[in-house]
Amino acid sequence: MKTVELVFIPSPSIGHLVPMVETAKLLVERDDRLSITILVMKLSFDTSIDAYTKSLASINKRIRLIDLPQEEPNSSSTPVDFMTSYVENKKLHVKDVVNKLTQTDHQSGSNSPRLAGFVIDIMCTTMIDVANKFGIPTYLFIATSAAFLGSMFHLQELRDEHNQDVADFKN
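These lines cover the structure that appears in this document, whether it is placed above or below. (Residues numbered from 1 in each chain as written. Predicted model: local features only at pLDDT ≥ 70, side-chain atom pairs only at ≥ 80, totals over all residues. Heavy atoms only, no water.)

Side note on unusual backbone geometry
Formally: Helix and strand definitions follow DSSP, with helices as H or I runs of at least four residues and strands as E runs of at least two, each counted in order from the N terminus. For each residue, the accessible area found with a 1.4 Å probe, counting protein chains only, is set against the maximum for its type, and the residue is called buried under 20%, exposed over 50%, and partly exposed in between.
A positive phi angle is found at Asn-163, which is not glycine, with a value near 50°. In this structure, Asn-163 sits in the segment after helix H6 (146-162). A relative accessible area of 72% means that Asn-163 is categorised as exposed.

Some remarks on helix H1 (residues 14-30)
Because an α-helix completes one turn every 3.6 residues, residues spaced three or four positions apart along the sequence face the same direction. We count it as follows: An expected span of 1.5 Å times one less than the residue number is assigned to each helix. Contact between two residues is taken to exist if any of their heavy atoms lie within 4.5 Å; hydrogens are not considered.
Taking 1.5 Å per residue as the helical rise, H1 with its 17 residues ought to reach 24 Å, and the 25 Å between its terminal C-alpha atoms agrees with that figure. If you follow the buried residues of H1, they end up packed against strand S1 (4-9), strand S2 (34-40), helix H2 (48-55), strand S3 (63-67), strand S4 (114-121) and strand S5 (138-141).

Focus: the side chain of His-93
The topology assignment puts His-93 in helix H4 (residues 91-108). According to the relative accessible area criterion, His-93 is buried, its value standing at 19%. If we ignore the near neighbours within four places in the chain, the residues touching His-93 are Leu-68, Pro-69 and Glu-71.

Let's talk about the nonpolar core
Spelled out, the test is: The term nonpolar core refers to a set of buried residues drawn from Ala, Val, Leu, Ile, Met, Phe, Trp, Tyr and Cys, joined through side-chain atoms within 4.5 Å.
Core analysis: the largest hydrophobic core is formed by 22 residues, its most contacted members being Val-7, Ile-9, Leu-39, Met-41, Val-94, Phe-118 and Met-127. Sorting the residues of this core by element identifies S1, helix H3 (79-88), H4, S4 and helix H5 (128-134) as the ones contributing at least two each. Once you skip the residues sitting within four places of it in the chain, Val-94 turns out to touch Ile-9, Leu-39, Leu-68, Phe-118, Met-127 and Val-130. Counting 18 residues, the second-largest nonpolar core is a separate cluster that includes Phe-8, Leu-34, Leu-56 and Phe-141.

Here it is, written out as structure tokens:
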């Protein structure tokens, strides 16, 4: 039976990792031909991710968690700049891990899973570049509710199509 593999890349936050892991569980339960590798980024000051991943030691044989090397992040002026540079600096590590996955797949023979795509967190869109280098599609994952996503689309529509500044809606 031919199998495919997805690479999940959550942002380094427990609030983004847990929904991705739960989604991975649902997907592999639904299709025996699917395996998922989750690349875990950890911040040195956040121990909740490490505790959570240790609790998942044997969740499913077709879900594997790989910790990316932990580095001290560069201090940046804003939280957004910090997160952007932190994820950007992980691209080389992600590329190396995916290279190893694809080399292992080729060496193992025809029964090994074929890399089918990246599923990336909304905060990790810079990883699209890595997926493009492998020539595979990227799927965007957002850990919020559909109502929040709809609200964001609505606010963007107000700005783009009706020339309204959403800052004018302050209380």
